[in-house]
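Topology and contacts: notes
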Amino acid sequence: VKPKVICALGAFGAQTLLRTTEPIGRLRGRLTDFHGAKFMATFHPAYLLRNPNEKRKVWEDMEIIRDYLTSPHTSGEAK
């Protein structure tokens, strides 16, 4: 498996993969390089159930992923 993007949902997944203790609020919102793929951390769906006002941030994170996957630099490759 060679994913183009890995999206970690929640602090535990993101912190475990990145080997960090940074809070999810600081990790989310940007693509970073991760073992040959791009990595995005965002809030966990259960968190959004308790904090529906944060859904906009997750939407923005998903737009970043979408834009990356549809950008010209990835268009010739399998998605």
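Here the structure is shown first, and the text comes after it.
Residues numbered from 1 in each chain as written. Predicted model: local features only at pLDDT ≥ 70, side-chain atom pairs only at ≥ 80, totals over all residues. Heavy atoms only, no water.

**Description of the sheet that holds strand β1 (residues 5-9)**
The strand order β1-β3-β2 describes an open sheet built from three strands, whose pairing is mixed. With one partner strand each, in any of the chains shown, β1 and β2 (32-34) form the two edges of the open sheet. With direction set aside, neighbouring strand axes in the sheet form an average angle of 40 degrees. The sheet contact formed by β1 and strand β3 (residues 37-42) spans five bridges and is parallel. Looking across to β3, one finds that V5 is bridged to K38. The sheet strands contacting helix α1 (residues 11-18) are β1, β2 and β3, and the helix crosses β3 at an angle near 145 degrees. Across the sheet, helix α4 (residues 55-70) touches β1 and β3, and the angle it forms with β3 is around 170 degrees. (Pairing = 2+ DSSP bridges. Helix = DSSP H or I, 4+ residues; strand = E, 2+ residues; numbered from the N terminus. Axes fitted to C-alpha atoms, helices over the stretch in contact; angles between N-to-C directions. Contact = heavy atoms within 4.5 Å.)

From the geometry alone we can't say anything about function, so treat these as descriptive.
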